[in-house]
Amino acid sequence: MKRIFLMLAIVSISLCESSCVSTKRFNELKADAIRLDSENAIQSEKIDSLNRRIYQINNTMNQERSRYERNSESARRNFEEMKNRYERLLRAGSDEADRMLKEIEQNQIKLQELEARLQSREEAIRQIKQKVSNALLGFEGKGLTVTQKGGMVYVSMEDKLLFNSGSFQIGAQGKKAVSELAEVLAQNPDINIMVEGHTDNVPYKENGHLKDNLDLSVKRATTVTRLLLQNKGISPDRIVSAGRGDALPLDNENSREARQKNRRTEIILTPKLDELFELAQ
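Moving on, we get to the nonpolar core. Of all hydrophobic cores here, the largest spans 31 residues; its most connected members are Met 157, Leu 228 and Leu 269. Elements with a contribution of two residues or more to this core: helix H2 (23–135), strand S1 (144–149), strand S2 (152–158), helix H3 (159–162), helix H4 (172–186), strand S3 (191–198), helix H5 (213–229) and strand S5 (264–271). Among the elements that take part in this core, H4 stands out by supplying 6 residues, more than any other. Discounting chain neighbours no more than four positions away, the residues touching Leu 269 are Ile 125, Ile 128, Val 132, Met 152, Val 153, Val 155, Leu 185, Ile 191, Asn 192 and Ile 193.

Here you go:
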């Protein structure tokens, strides 16, 4: 409004000076002044609105920037923590992998040693069989057989070579065969010995010394064991003797030939396994 009054004053002065301006022209100028002042007020309001909008936008941007910076810092910390955790796990995994690799390598070495010793054991079994077969060559076909199975050597002597029917007293031929076997065993101290007595399934008639077939098989095994121990090169802790009675027949047929085959004494030879067991643990 001040601008309008100012313009009117200027116009009035001009009119007074010139005295040639009409009232109509004065009114036109007055209207123009009012219109211009109104447009100016509108533009000022738009400028104020734009300034307020700019302020809001700046404020929003500042808030968003602050939130982004906070989120960015949190993400950075999380990333650092995850990276550190990954590195720790990687180091731990590497240590565990190294430990497992060393353990595998040690087990491979142990397995190779075990396989080598097993091969040596098999070779020892083969050599024992050969030595025993050579020592008892004169008795083969006379009720004595030497076989190898399951990592052991079986020296099987039929009763006709060792004992009379129903007796546990060993005969001369049997003593000779057992004594020659004892010579081989005395020269091989790493061989464990098991002596097993076996009978047929014909019931044994009880007498003052024996009750049944089991007693007879035990006494026969004990007799052979004592004869082996007469050789001072054989330590008693190498020998185990047992009676099986008729529990483990070679032939289940109920015939004369089958019963003769089942009446036997088996001397089972096995290399000592202490070192193998220690290595396998």
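Pairing between S3 and strand S4 (residues 239–245): 6 bridges, direction parallel. What sits directly across from Glu 196, in S4, is Ala 242. Since S3 and S4 lie parallel, the crossover through H5 that links them has a hand, and here it is right-handed.

Take the packing of aromatic side chains next. According to the stated counting rule, one finds 0 aromatic pairs in the structure shown. Between Lys 149 and the ring centre of Tyr 154, over which it is positioned, the NZ or CZ distance is 4.7 Å. The aromatic ring of Phe 168 is capped on one face by Lys 219, whose charged end is 4.8 Å from the ring centroid.

So, about the sheet that holds S5. With mixed pairing, 5 strands are arranged side by side in an open sheet as S1-S2-S5-S3-S4. The open sheet is flanked by S1 and S4, the only strands paired with a single partner. For this sheet the average axis-to-axis angle between neighbouring strands, irrespective of direction, equals 20°. Against the sheet, H4 contacts S1, S2, S3 and S5, and its axis sits at roughly 165° relative to S2. Sheet strands in contact with H5 are S3, S4 and S5, and its direction is about 155° off that of S4.

Definitions and limits used
Residues numbered from 1 in each chain as written. Predicted model: local features only at pLDDT ≥ 70, side-chain atom pairs only at ≥ 80, totals over all residues. Heavy atoms only, no water. Core = buried A, V, L, I, M, F, W, Y, C linked by side-chain atoms within 4.5 Å. Buried < 20%, exposed > 50% of the residue type's maximum accessible area, 1.4 Å probe, protein only. Helix = DSSP H or I, 4+ residues; strand = E, 2+ residues; numbered from the N terminus. Contact = heavy atoms within 4.5 Å. Pairing = 2+ DSSP bridges. Right-handed = clockwise from strand over helix to strand, strands pointing away. Phe/Tyr/Trp six-rings, centres within 6.5 Å; stacked < 30°, edge-to-face > 60°. Lys NZ or Arg CZ within 6 Å of the ring centre and 35° of its normal. Axes fitted to C-alpha atoms, helices over the stretch in contact; angles between N-to-C directions.

Don't take any of this as a statement about function, it's just geometry.
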